[in-house]
Amino acid sequence: MQFRHQHKHAYLLMAIQLIFLVLFGIFVRYHPDADAKYHPSFKHKDMGTEDKHGGSDAHPVTVTEGGGHHPTYGMFQDVHVMIFVGFGFLMTFLKRYGFGAVGNNFLVAAVAVQWAILVNGFFHMSGGFIEVSLGSLLGADFVAATVLISFGALLGKTTPTQLLILTMIEIPIFVINEVLGRSYLGAIDMGDSMFVHAFGAYFGLAVSRVLAREDASTEKEGSDKTSDTFAMVGTLFLWLYWPSFNAGAAPGEDQHRAIINTYLALTASCVSAFAISSLLDPDKKFDMVHIQNSTLAGGVAIGTSADLMAQPFGALLVGIIAGVVSVFGYYYLTPFLASRLRVHDTCGVHNLHGMPALIAGVVGAVYASMATEEVYGPSLYLIFPLRAPENGTAELTQMRKELPGLEPGLNRTGVTQAGYQLLALLVTMVVSITGGLLTGAILKMEMLNKLETDDLYEDACYWKLEEEEEVEEQPGKRESSGSLNAAVPMMVSSAKTKDEAPA
Amino acid sequence: MQFRHQHKHAYLLMAIQLIFLVLFGIFVRYHPDADAKYHPSFKHKDMGTEDKHGGSDAHPVTVTEGGGHHPTYGMFQDVHVMIFVGFGFLMTFLKRYGFGAVGNNFLVAAVAVQWAILVNGFFHMSGGFIEVSLGSLLGADFVAATVLISFGALLGKTTPTQLLILTMIEIPIFVINEVLGRSYLGAIDMGDSMFVHAFGAYFGLAVSRVLAREDASTEKEGSDKTSDTFAMVGTLFLWLYWPSFNAGAAPGEDQHRAIINTYLALTASCVSAFAISSLLDPDKKFDMVHIQNSTLAGGVAIGTSADLMAQPFGALLVGIIAGVVSVFGYYYLTPFLASRLRVHDTCGVHNLHGMPALIAGVVGAVYASMATEEVYGPSLYLIFPLRAPENGTAELTQMRKELPGLEPGLNRTGVTQAGYQLLALLVTMVVSITGGLLTGAILKMEMLNKLETDDLYEDACYWKLEEEEEVEEQPGKRESSGSLNAAVPMMVSSAKTKDEAPA
Amino acid sequence: MQFRHQHKHAYLLMAIQLIFLVLFGIFVRYHPDADAKYHPSFKHKDMGTEDKHGGSDAHPVTVTEGGGHHPTYGMFQDVHVMIFVGFGFLMTFLKRYGFGAVGNNFLVAAVAVQWAILVNGFFHMSGGFIEVSLGSLLGADFVAATVLISFGALLGKTTPTQLLILTMIEIPIFVINEVLGRSYLGAIDMGDSMFVHAFGAYFGLAVSRVLAREDASTEKEGSDKTSDTFAMVGTLFLWLYWPSFNAGAAPGEDQHRAIINTYLALTASCVSAFAISSLLDPDKKFDMVHIQNSTLAGGVAIGTSADLMAQPFGALLVGIIAGVVSVFGYYYLTPFLASRLRVHDTCGVHNLHGMPALIAGVVGAVYASMATEEVYGPSLYLIFPLRAPENGTAELTQMRKELPGLEPGLNRTGVTQAGYQLLALLVTMVVSITGGLLTGAILKMEMLNKLETDDLYEDACYWKLEEEEEVEEQPGKRESSGSLNAAVPMMVSSAKTKDEAPA
C-alpha cells in the first residue's frame with residue numbers, strides 16, 4: 001500500500017513538470033522589458049524602470065497592489081527568502097519531521113510558483129501570450145505563500161501526493177477569489193492579508209476538517225531544542241522581511257509608509273506575544289510556539305491597511321492586538337478546534353494567519369471608511385481607485401489637473417469602500433472554506449492512501465535516513481551506519497527499525 | 001520568589017508596550033516623505049529620493065553619519081538582519097541557553113527599537129512631533145545593537161526583568177552620549193564604533209562588574225557541536241552585512257569606499273583570527289569561540305574610519321591587528337578580567353566590541369589628523385564638516401564655488417579634529433562605564449531577585465521545554481513527552497527534573 | 001607529525017596575510033569611483049552610477065560579463081551570502097565535520113577573495129595600480145566560488161595547509177583560463193558556468209584523483225538529521241540568490257532576462273531532482289543528498305545562456321535535464337568514479353557543478369548558434385561583441401546609427417561563435433584537469449603530511465571540541481566538561497579520546 005502509493009508521487013511530479021514545460025512552451029514568453037529585441041539603449045536601467053509595465057500586465061497581485069508599479073529586485077528577493085527559508089524553517093519545529101517540513105516546503109513552493117505563473121497568466125494574457133517578468137515572479141511567490149499556509153495546517157499529516165494535488169487545485173481557486181475581490185469588488189489589500197493569509201488559512205483548515213482523524217495528535221507531534229532553534233531561523237527571516245511582503249508592490253510614498261507600518265506592527269506583536277505567552281503559562285515561562293508564530297501576527301494584521309494612513313499609533317495598536325489574540329488562540333482556541341470541531345491545525349495557522357487576517361480585513365475596512373482627502377490629499381484616488389470621480393464628470397476633469405492620467409472611478413464614499421472591503425473578506429472566507437472542503441473530499445478518495453498513525457509527523461516514511469539518527473536509541477548499531485554521501489544506492493536497513501514498521 | 005519574580009516581567013512588558021503606544025500616539029507621526037498627503041506625483045521614486053530628508057530629521061545616527069543622506073532600503077534590511085539574526089544566533093553558542101539567547105535577543109531588540117525611535121526623536125522633534133522614516137528605523141537598529149552588545153556581556157546571567165530595565169535605562173544614556181560626541185564635539189564615527197560598540201561593550205562590562213558573583217562560571221557555560229554551528233549562522237550574517245552597517249548612511253563615493261574598507265578589514269581579521277587561534281592553542285587547534293567572534297573584529301576596528309582614505313593597505317592592516325588583539329583578548333584578558341577584576345564577560349564582548357572599538361577610535365583620530373585637501377579634495381569638508389572655513393570668511397565663499405551649499409565650519413586643523421576624536425572616545429568610555437555602574441546598582445536592588453546558580457546559562461528557568469530535551473539523560477521518560485504544538489496548556493512536568501529544581 | 005604539521009598552517013596563514021598586506025600596499029588603490037578626491041558633488045548617487053566604470057577596469061569577470069556595467073550592491077551581497085553562508089552550510093552535512101566545513105569554507109574564502117583581487121588586478125592594472133571597486137569585490141567572490149567548489153570534492157580529506165596551498169595555486173590558473181576563454185576566444189559565459197563551475201569541479205576532481213586513498217570512504221562520511229538540516233540552510237540560500245549570481249553583472253534587459261531564466265531553471269531542477277530522487281530509491285524515498293545538491297543544478301546548467309533568448313520553455317527544459325542528470329550522477333556515476341577511477345568526490349561536485357556545467361557549455365553554444373538579429377535585435381552585438389561588424393566597414397557605420405559607441409567586432413556568424421564557445425569549454429576542461437593534477441602532485445609531497453584514516457571527515461583533529469560532544473558516547477564524563485566560553489586556555493582533555501589519537 002505504502003509502496004504503491006509512494007510510487008505515485010514520483011511519477012505525478014514528473015508528469016506535472018512535463019505538463020508545465022509544454023504549457024510554458026505554448027503560452028509563456030518574456031515580457032517586452034526582458035526581451036533582448038526591445039533593448040532600448042546602452043545606458044543601464046535599474047530593474048525598476050525596466051519592469052515598469054511588468055506589474056500591470058503580469059498578474060493580479062502586482063496589478064492591483066502596485067497600480068502599475070513594480071517590485072524592486074531586492075524586495076522580490078526578500079519575499080523569495082520568506083517563502084523558501086522563512087516558511088520552510090518555521091515548519092521544522094517538529095522533532096522528527098524536519099526533512100518533511102523544509103523539503104516538502106521546497107518542493108511545493110517550486111511547483112506552486114510555476115503553476116501560479118501559468119494560472120495568473122491565463123487571467124492576463126497579452127496578445128495570446130503570458131508575459132513573464134519580475135512582477136510575475138513576485139506574484140508567484142505570493143501564491144506559493146497561500147499554498148504553504150494551507151500546508152501548515154496539514155503539516156505531517158499528508159502524503160506528498162496529497163500535497164501536490166492540493167497545490168494544483170488550490171491555486172486556480174485562489175486566483176479566482178483574488179480577481180473577484182480586487183477587480184470585481186474593488187477591494188484593496190496591499191499586504192494580501194485577505195487574499196493570501198485568510199484564504200490560505202481557512203482553505204487549509206477546511207481540508208484538515210475533512211481529513212480529520214482520531215489519531216491526529218501523537219507523541220511525535222512535539223519539538224526538541226534543536227528543531228525549535230531551526231524554526232527560529234524561519235521566524236526571524238519572516239519577521240525581518242515582512243515589510244517587503246507588505247510594501248513590495250506599492251508605489252513611492254505608499255511603499256515607504258507600508259514599510260513603517262509593517263515594521264511597527266511587527267515590533268508590537270513581538271512584545272505583546274512574549275508578554276501574553278508568559279502571562280498564560282502556569283509557571284510564567286515563555287513558550288517557543290508563541291515566539292515562533294505570534295510574533296509575526298502583526299505583519300498579517302496590518303497587511304490590508306499597510307499603505308493606509310494608520311499612523312504609527314495605529315500600526316502599534318494593531319500589532320499589539322494581533323499578538324495578544326494570536327497567543328490566546330494557541331492557548332484556548334487551537335485545542336478547542338481540535339477537540340470540539342475536529343479541526344486539527346499542526347502549525348496553528350489559524351492563530352498566525354487566520355485570525356490576524358480577519359483583524360486585517362476589519363481594520364482595513366475601518367481605515368477605508370475613515371479615509372478622506374484632507375488626510376490623504378489627491379493620492380486618496382490612487383490608493384482607492386474606485387473613489388475617483390466617474391468618467392466624464394467635471395470633478396474628474398478638475399482632479400486631473402492635479403493628477404494627470406487619473407483613471408475614472410465609481411465615486412465611492414469611504415463607507416461604501418469599507419462595505420466592499422468587508423464583502424471581499426466575506427467572499428474570501430466562503431470561497432476558501434468551500435474550496436477547502438471540496439479539496440479535502442478529493443484528497444480523501446480511496447485511491448489515495450493516507451498515512452498510518454506511526455507515519456504521522458515522521459520523516460522515516462518518505463525520507464532516506466542515516467541510521468546515525470537512531471543512535472540516540474540504539475548506540476550499539478552506530479558502526480553499521482552506511483555512507484549516505486558516497487551516494488551508493490543502498491537499501492537503508494533503517495527500514496527494519498520501528499520507525500518504518502508498517503502500521 | 002522565582003514565581004513572584006517571573007510574574008513581574010510579563011506585566012512589565014505589557015506596561016512598557018502600552019506606554020510606548022501612548023507616547024507614539026501623542027508624539028510620533030509619519031515623516032512627510034511617508035505621508036500620503038505629500039504624494040508628489042504618479043512617477044515612481046525609489047526609497048532613496050523618497051527618504052532624502054529622512055536622515056536629517058529623524059535621529060542623530062543618520063543625521064551625523066549621513067549628512068542629510070539616507071540609507072537605502074536594502075542596506076537597512078542588511079542591518080536589520082544583523083540585529084535579529086546576527087546577534088541572536090551569535091549568542092546561541094551556549095549549549096543550554098539557545099532559547100534565551102535568540103529569544104531574549106528578539107524581545108530586547110523589539111523593545112529597544114521602539115524606545116529608540118522615541119528617545120532619538122525627542123532630541124530632534126520637528127514642529128512638536130517625532131517624524132518617523134526609514135532613517136529612524138535604521139537609527140533604531142543601531143541603538144538596539146548597543147543594547148545587545150551589553151546583553152552579550154551578561155548573557156545567561158540576568159532575568160528578563162533585569163534585561164528590560166537595562167534596555168530602558170541604557171538607551172537614553174546612549175543617545176545623550178552620541179549627541180555629546182557628534183553634535184558638541186563634532187567627532188565623526190561612520191561605523192559607530194565608538195558610539196555603539198565601545199559604549200555598548202563598556203556599559204555591559206560595568207553592569208557585569210556590579211552584578212559580579214562567585215558562581216558565575218558553571219559547567220553549563222559551555223557549547224556543544226550544534227550550538228556552535230547555530231552560532232556560526234549569526235557570525236556569518238554579521239560578517240557579510242557589516243559593510244552595510246559601516247556604510248549604510250554614507251553619501252555617494254564615501255559609501256562605496258566604506259564598503260571596500262569594511263570588506264577588506266573583515267577578510268583580514270578573519271584570516272588573522274584563524275592564525276592566532278591556532279597558534280595559541282597547545283594542540284594548534286582552531287577554537288570556535290575565536291572564529292565566531294574575532295573574525296568580526298575588523299569590522300569594528302575600521303568602523304570610525306570606514307569612510308576615510310585609509311586605502312586598501314590601511315584597511316587590511318587595521319583588520320589584521322584587530323583579529324590578533326581580539327584572539328589574544330579571549331586567551332589572556334577575558335580570564336584575567338573574570339578572576340582579577342571580577343568582570344565576567346559571557347560572550348567576550350570586550351574582545352569583539354570593546355578593544356576593537358578602542359582601536360577604531362585611535363585609528364580614526366590618526367586618519368583624521370592625516371586628512372588633507374590634497375588627498376580628499378573638497379570632500380574633506382563634507383567628511384569633516386568642522387574643518388570647513390568659518391562663517392563669513394573669504395575661504396568659505398571661495399570654497400562654495402566648488403561646493404555650493406557648504407555649511408560653515410570651525411576651520412579645524414586635522415590635528416585639532418584628531419584631538420576631538422580622542423576626546424569623544426574618552427567621553428564615551430566615561431559615560432558608558434559610569435552609566436553601566438549606575439544601572440548595575442539598580443539591577444542589583446533587592447526587589448529584583450537574581451538567578452540561582454543552577455539557573456545560570458539555563459533555558460529551563462524561563463522557557464517551556466519539551467521533555468524530549470531531557471532524553472539524552474533519561475531515555476526512559478521519552479514516551480511521556482507531551483505535545484507542545486497542540487499548544488494544550490499543560491504543566492510541563494519537566495518542572496520535576498533537576499533543571500527546574502528550585503535552588 | 002600531526003603536531004609539527006599543525007604548527008605549519010598557523011604560520012603559513014600569517015605569512016600569507018602579511019604578504020597580501022605588502023602587495024596591497026604596493027599595488028592596490030581605490031577605484032576613482034571610491035576615491036574621495038573625485039567626489040563629484042553633493043547629490044546622492046546610488047552605487048549603480050557610482051560604480052559605472054568599476055566593472056570595466058576591475059577584473060575579467062565583470063569586464064566581460066558586465067560589458068562595462070556594474071553589479072548593484074544588493075546583488076553583490078546576494079552573491080556574498082552564497083559564498084560564505086551558501087557554500088559554507090551546504091558542506092556541513094557531514095555529521096562529524098561541521099566546524100571543518102563552515103570554518104574552512106570561511107577561511108579559504110577570506111584568503112581567496114584577497115588573492116583574487118590581486119591576481120585579477122595584475123591582469124588589469126591601470127597606471128601601474130590595481131583599482132579596487134565593488135566590481136572587484138564581486139569578481140573576487142566568483143573566484144572564491146571556484147576554489148570552494150574544488151574544496152567540495154576534497155571535503156574532509158585535506159589538512160588546512162593543503163587547502164591553503166591549493167587556494168594559492170588554483171586562483172592564478174583560474175584567471176589565466178578565464179582570460180583565455182573570454183578575451184582570446186571571445187566566449188561568453190554570463191553565469192560563469194564554464195569558467196567557475198566546470199573549472200572548479202574538474203580541478204578539484206583531478207586533485208582528488210592524485211590524492212586518492214584506499215580508505216577514503218569511512219563510517220564518518222555520513223550525515224545525521226541535524227547536519228542535514230544545517231546543510232539545507234546552505235542549499236536554500238544558494239538556490240534563492242542564484243539569479244543574482246547569473247545576472248549580477250548583466251546590463252539592463254539582459255539582467256532582467258537572466259533573472260527570469262535562472263529562476264525558472266532552478267524551479268524545474270528542484271522538481272525533477274525530487275522526482276528522480278524518489279524514482280531511483282528502492283523504497284521510493286527522497287534522499288537529502290539529492291535535495292541538497294541536485295535542486296541547484298538548473299542554476300549551473302542555464303548559467304552560460306542565462307542572458308540569451310532561451311525563452312521560459314528553454315529555461316525550464318534545461319533545468320529539468322540538469323536535475324535529472326545530477327541525481328543520476330549521484331546514484332550511478334559517483335560510486336563508479338570512486339571505485340573504478342579512484343576519484344572520490346565527497347560533496348558530489350561532479351553532479352552539482354561538473355556535469356551541469358558541461359550541459360551549460362553545450363546549451364550556450366546551441367543558443368549562440370541560433371542567435372539572430374531577428375530575435376535579438378541590435379542587442380545581438382552587445383551580447384556577442386565579436387559578432388559585430390569589423391572596424392571600418394560600412395555595416396559598422398550603419399549599425400552605429402542604432403547603437404552609438406558600438407565596438408567593432410570580428411563579424412562572427414552564430415555558428416562560428418558556437419564553435420568558440422565549445423572551444424572555450426574544451427580549453428577549460430584541459431586547463432582545469434591539468435592544473436588539478438599538478439596541484440595534487442604538490443599537495444602529495446612528503447613534507448606535507450596527510451590525514452590519518454581516523455581523522456577523515458572528523459573535526460576533532462583540527463578543532464577544539466567541548467567534551468559535551470562526546471557525551472553521546474560517554475555520558476559519564478559530562479560533569480568534567482570544561483568551559484569553552486570563559487575562554488580559559490585549557491588543555492581540552494578530549495585529547496585523550498580516540499578522535500585525538502596521535503597518528
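Residues numbered from 1 in each chain as written. Chains lettered and ligands numbered in written order. Predicted model: local features only at pLDDT ≥ 70, side-chain atom pairs only at ≥ 80, totals over all residues. Heavy atoms only, no water.

So, on to the overall build of chain A. Helix and strand content of chain A: 19 helices and 2 strands. For chain A, the residues scored as buried account for 71% of the 503 residues in total. Once local pairs closer than 6 in sequence are excluded, the contacts in chain A between residues at least 24 apart make up 79%. As displayed, chain A offers around 14000 Å² of accessible surface, 67% of which is attributable to carbon and sulfur atoms. (Helix = DSSP H or I, 4+ residues; strand = E, 2+ residues; numbered from the N terminus. Buried < 20%, exposed > 50% of the residue type's maximum accessible area, 1.4 Å probe, protein only. Contact = heavy atoms within 4.5 Å. Areas by Shrake-Rupley, 256 points an atom, 1.4 Å probe, with all protein chains shown as cover.)

The transform that puts chain B on chain C rotates by 120° and translates by 0.0 Å along the axis, for an RMSD of 0.0 Å. Between the two chains, the operation in question is that of a three-fold axis. For chain B, the smallest separation between a C-alpha atom and the rotation axis is recorded for G74 of chain B, amounting to 3.8 Å. Different-surface contact between copies: only 7% of interface residues of chain B are shared with the interface of chain C. (Least-squares fit on C-alpha atoms with pLDDT ≥ 70 in both.)

Contact with chain B, which involves 89 residues of that partner, is made by 83 residues of chain C. Taken together, both faces of the contact between chain B and chain C bury some 7800 Å²; the carbon and sulfur share is 69%. Along the contact surface separating chain B from chain C lie 2 salt bridges. Note that D287 of chain B and K464 of chain C form a salt bridge whose closest N and O atoms lie 3.4 Å from each other. At the junction of chain B with chain C, the criterion picks out 15 residue pairs in polar contact (both at pLDDT 80 or more). Elements supplying a minimum of two residues to the side of chain B that touches chain C: helix 5 (73-90), helix 10 (225-247), helix 11 (252-280), helix 12 (288-293), helix 14 (311-339), helix 16 (373-376) and helix 17 (380-383) of chain B. Top element by residues in the side of chain B that touches chain C is helix 11 of chain B. It accounts for 21 residues. The residue inventory of the side of chain B that touches chain C, partitioned by class, reads 48 nonpolar, 22 polar and 19 charged. (Buried area = accessible area lost by both parts, 1.4 Å probe. Salt bridge = Lys/Arg side-chain N within 4 Å of Asp/Glu carboxyl O. Polar contact = N/O pair within 3.5 Å; in protein donor to acceptor, adjacent residues only side chain to side chain. Nonpolar A, V, L, I, M, F, W, Y, C, P; charged D, E, K, R; others polar.)

Next up on the list: helix 11 (residues 252-280) of chain C. Helical geometry: 3.6 residues make up each α-helical turn, so side chains three or four residues apart lie on a common side. Between the first and last C-alpha of helix 11 of chain C there are 42 Å, a value that for 29 residues agrees with the 42 Å anticipated at 1.5 Å per step. A large share of helix 11 of chain C lies buried, amounting to 28 of its 29 residues. (Expected span 1.5 Å × (residues − 1).)

Residues and elements named next belong to chain B. The geometry of helix 5 relative to helix 7 (residues 134-154) is characterised by a closest axis approach of 10 Å and an angle of 25° between their N-to-C directions. The angle between helix 5 and helix 7 places the two elements in the roughly parallel class. Helix 7 is crossed by helix 5, and the crossing has left-handed handedness. Of the residues in helix 7, those in contact with Y73, F76, V79, H80, I83, F84 and F87 of helix 5 are L134, L137, L138, D141, A144, A145, L148 and I149. For the contact of helix 5 with helix 7, the class distribution of residues is 13 nonpolar, 1 polar and 1 charged. (Axes fitted to C-alpha atoms, helices over the stretch in contact; angles between N-to-C directions. Parallel < 35°, antiparallel > 145°, perpendicular 65-115°, else oblique. Left-handed = near helix turned anticlockwise from the far one by under 90°.)

Each copy of the sequence occupies a distinct position, and chain C is placed on chain A by a rotation of 120° and an axial shift of 0.0 Å, giving an RMSD of 0.0 Å. A share of only 7% of the interface residues of chain C reappears at the interface of chain A, consistent with the copies meeting through non-equivalent patches.

Turning next to the UniProt feature "domain: Ammonium transporter AmtB-like" (unreviewed entry) in chain A. UniProt tags residues 73-450 of chain A as "domain: Ammonium transporter AmtB-like" (unreviewed entry). Between the end C-alpha atoms of residues 73-450 of chain A the distance is 41 Å, and the span holds 71% helix and 1% strand. (UniProt positions renumbered as here; feature names shortened; annotations may be inferred.)

Turning to the confidence of the model for chain A, a few remarks are in order. Residues and elements named next belong to chain A. Averaged over every residue, the pLDDT of chain A is 86; the share at 70 or more is 85%. Every residue in residues 41-70 scores below 50 in pLDDT, and together they form 96 contacts with partners more than four places removed in sequence or on other chains. Here residues 468-503 is a poorly scored stretch, pLDDT under 50, and it has 79 contacts once near neighbours within four places are set aside; other chains count. For this predicted complex, the interface confidence comes out at an ipTM of 0.88, alongside a pTM of 0.90. (pLDDT = per-residue confidence, 0-100.)

Along the chain, T218 of chain C falls in the loop between helix 9 (193-210) and helix 10 (225-247). Not counting residues within four places of it along the chain, the set of residues in contact with T218 of chain C comprises T453, L456 and Y457 of chain C.

All names here are of chain A. Tallied over the full model, the rule gives 33 salt bridges over all chains. Between K95 and E219 there is a salt bridge, with the nearest N and O atoms lying 3.2 Å from each other. With K95 in the loop between helix 5 (73-90) and helix 6 (98-122) and E219 in the loop between helix 9 (193-210) and helix 10 (225-247), this pair connects stretches of sequence that are 124 residues apart. For K95, a relative accessible area of 2% corresponds to the buried category. K220 is paired through a salt bridge with D454; the nearest N and O atoms lie 3.2 Å apart. In this pair, K220 sits in the loop between helix 9 and helix 10 while D454 sits in the segment after helix 19 (414-443), placing the two residues 234 residues apart along the sequence. The class of D454 is partly exposed, set by a relative accessible area of 27%. Each of R96, K220, D454 and E458 takes part in one network of salt bridges that share partners.

Next up on the list: the packing of aromatic side chains. Evaluation of the coordinates by the stated rule reveals 69 aromatic pairs over all chains. Here the aromatic rings of F274 of chain C and F286 of chain C are separated by 5.2 Å at their centres, their planes lie at 75°, and the arrangement is edge-to-face. Of the two residues, F274 of chain C is situated in helix 11 and F286 of chain C in the loop between helix 11 and helix 12 (288-293); the sequence distance between them amounts to 12 residues. Assigned by exposure class, F274 of chain C and F286 of chain C land together as buried. Taken together through their ring pairs, the aromatic side chains of F84, F99, F106 and W463 of chain A together with W239, F274 and F286 of chain C make up a single cluster. Positioned over the ring face of Y420 of chain A is R412 of chain A, at 3.6 Å from the centre of the ring. (Phe/Tyr/Trp six-rings, centres within 6.5 Å; stacked < 30°, edge-to-face > 60°. Lys NZ or Arg CZ within 6 Å of the ring centre and 35° of its normal.)

The next subject is the interface of chain C and chain A. Contacts between the two partners involve 89 residues from chain C and, on the opposite side, 83 residues from chain A. The contact between chain C and chain A buries some 7800 Å² in all, and 69% of this surface belongs to carbon and sulfur atoms. Looking only at chain C, the three residues that lose the most surface to chain A are E253, Y263 and F286 of chain C, adding up to 10% of its buried area. On the surface where chain C and chain A come into contact, there are 2 salt bridges. On the surface where chain C and chain A come into contact, there are 15 residue pairs in polar contact (both at pLDDT 80 or more).

This next bit is on helix 5 (residues 73-90) of chain C. Residue and element names in this part refer to chain C. Taking 1.5 Å of rise per residue, 18 residues should cover 26 Å, and helix 5 covers 24 Å from first to last C-alpha, within 8% of that figure. At M82, helix 5 shows its maximal kink, close to 35°. Burial of helix 5 is extensive: 17 of the 18 residues sit out of reach of the surface. (Bend = angle between axes of the 7 residues up to and from the residue.)

Residues and elements named next belong to chain A. On the surface, F122, F123, M125, I176, L180 and Y184 cluster together to form a nonpolar patch covering roughly 570 Å² of accessible area. Of all the elements, helix 8 (residues 160-184) adds the most residues to the nonpolar patch, at 3 residues. With respect to the secondary-structure elements, F123 resides in the loop between helix 6 and strand 2 (130-132). On the basis of relative accessible area, F123 is assigned to the partly exposed category, the value being 40%. (Patch = residues over 30% accessible without salt bridge, like charges linked within 9 Å, V, L, I, M, F, W, Y side chains within 5 Å.)

Residue and element names in this part refer to chain A. Of note, I442 is situated in helix 19. Put simply, I442 and I320 are 122 residues apart on the chain and 39 Å apart in space, counted from C-alpha to C-alpha. Setting aside its immediate chain neighbours within four residues, I442 contacts I165, I169 and L448.

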